[in-house]
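# Observations on chain architecture
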Amino acid sequence: LKYPQSGSFRSAITMKDIDSDNEEEAIAFYMPVGDIATVHMLIMDSIDGKWQSVGDLKSQSTGIDSLNFCDFDGNGIYEIVTTWKTYNANINQVAVYIYENNTIREVSSDHSCSALVTGDFSANEGEELLLMTLFSTERESSAKLLTLGDTKNVMTTLGTSPLDPDVVSYTQILAGNIFKDQYGVTIDGCTATGEYSSQLLYFNSYYNSLE
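Here's what I pulled together on the structure shown here. Since we're looking at a predicted model, the values are computed, not measured. (Residues numbered from 1 in each chain as written. Predicted model: local features only at pLDDT ≥ 70, side-chain atom pairs only at ≥ 80, totals over all residues. Heavy atoms only, no water.)

Moving on: the pattern of salt bridges. Following the criterion strictly, the structure yields five salt bridges and no others. When the shortest N-O distance is used, the salt bridge between Asp73 and Lys152 registers 3.1 Å. Of this pair, Asp73 sits in the loop between β5 (64–70) and β6 (79–85) while Lys152 sits in the loop between β12 (142–148) and β13 (155–162); the two residues are 79 residues apart in sequence, bridging distant segments of the chain. Taking relative accessible area as the criterion, Asp73 reaches 37% and is therefore assigned partly exposed. In this structure Lys152 comes out as partly exposed when scored by relative accessible area, which is 24%. Note that Arg139 is salt-bridged to Glu138, the shortest N-O span being 3.7 Å. Judged by relative accessible area, Arg139 falls into the partly exposed class, the value being 30%. (Salt bridge = Lys/Arg side-chain N within 4 Å of Asp/Glu carboxyl O. Helix = DSSP H or I, 4+ residues; strand = E, 2+ residues; numbered from the N terminus. Buried < 20%, exposed > 50% of the residue type's maximum accessible area, 1.4 Å probe, protein only.)

Set out below in C-alpha cells:
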C-alpha cells in the first residue's frame, strides 16, 4: 500500500461517495509486488451488492502526493484529483479522473503544482481547482485556477497570478470566505532567509481574473 503524503486524505484506502448514489466507493493506492516504479490507483464500487473493480490505473510515478475530490459542475458527483510525485520534490503532476457508467477515465492534463486547493472560487455553483507552484529553475512562482471543460475531456484555465518568488515552502494554506460572499485562500510561506510571507488569492468575477 502507498500513502498520500499531503492533503486531507492520508490513508492508502479512502472511502468516498463519488457518484452520488448514497454508497461509498473505495479508492486505494498500491504498488504491485516486484514493481518499484509504478503506483496504481484502484477504484472499487459495490454493484448489485458485490464489490467490483471499476478501474486500476497506472501512474508514471513512484509515489502519491495527495488525493482530492472536486465537483466541477456542481451536480453532486465528484471527480478524483491526484497529485503524483516527480523527480522534483516541489513539483507534483496533477491528474483528474471521472467516474461514470461504472468506468473510470482520465482527463487530459499537463498541469503540475506544489500544492492545490479545491473550492467554489468563481461562485458558479461548481468547484474549481487552484494550483500553486513554488519558484524553481524550471518555472516561475505562480497560481492557476482550473475548471473542467464543457466536453469533460480537458482542463480549462480561468486565470493565473504570480506569487512571491522568495517563498521556498508553504507552511499553511487556508481556504474559505475571505470577505462577504468571496471564496479564496491565504497562503503562509517561508523564505530561504527564514522570514514568513502571507499572500491572499481570490477570483475576481467582474474582471474574470485571479488576483
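A few words on the packing of aromatic side chains. On inspection of all chains with the given rule, the structure shows five aromatic pairs. Between Phe9 and Phe69, the ring centres sit 5.1 Å apart and the planes meet at 90°, which makes this aromatic pair edge-to-face. On the criterion of sequence distance, the pair formed by Phe9 in the segment before β1 (13–16) and Phe69 in strand β5 is long-range, its members being 60 residues apart. Classification of Phe9 as partly exposed rests on a relative accessible area of 27%. Ring centres of Phe121 and Tyr183 lie 5.0 Å apart, and the angle between their planes is 80°; on these two criteria the pair is classed as edge-to-face. Of this pair, Phe121 sits in the loop between β10 (115–119) and β11 (128–133) while Tyr183 sits in strand β15 (residues 182–191), placing them 62 residues apart in sequence. Residue Tyr183 is classed as partly exposed on the basis of its relative accessible area, which comes to 21%. In this structure, Lys16 packs its charged tip against the face of Phe69, placed 5.4 Å from the ring centre. The aromatic ring of Tyr78 is capped on one face by Lys16, whose charged end is 4.4 Å from the ring centroid. (Phe/Tyr/Trp six-rings, centres within 6.5 Å; stacked < 30°, edge-to-face > 60°. Lys NZ or Arg CZ within 6 Å of the ring centre and 35° of its normal.)

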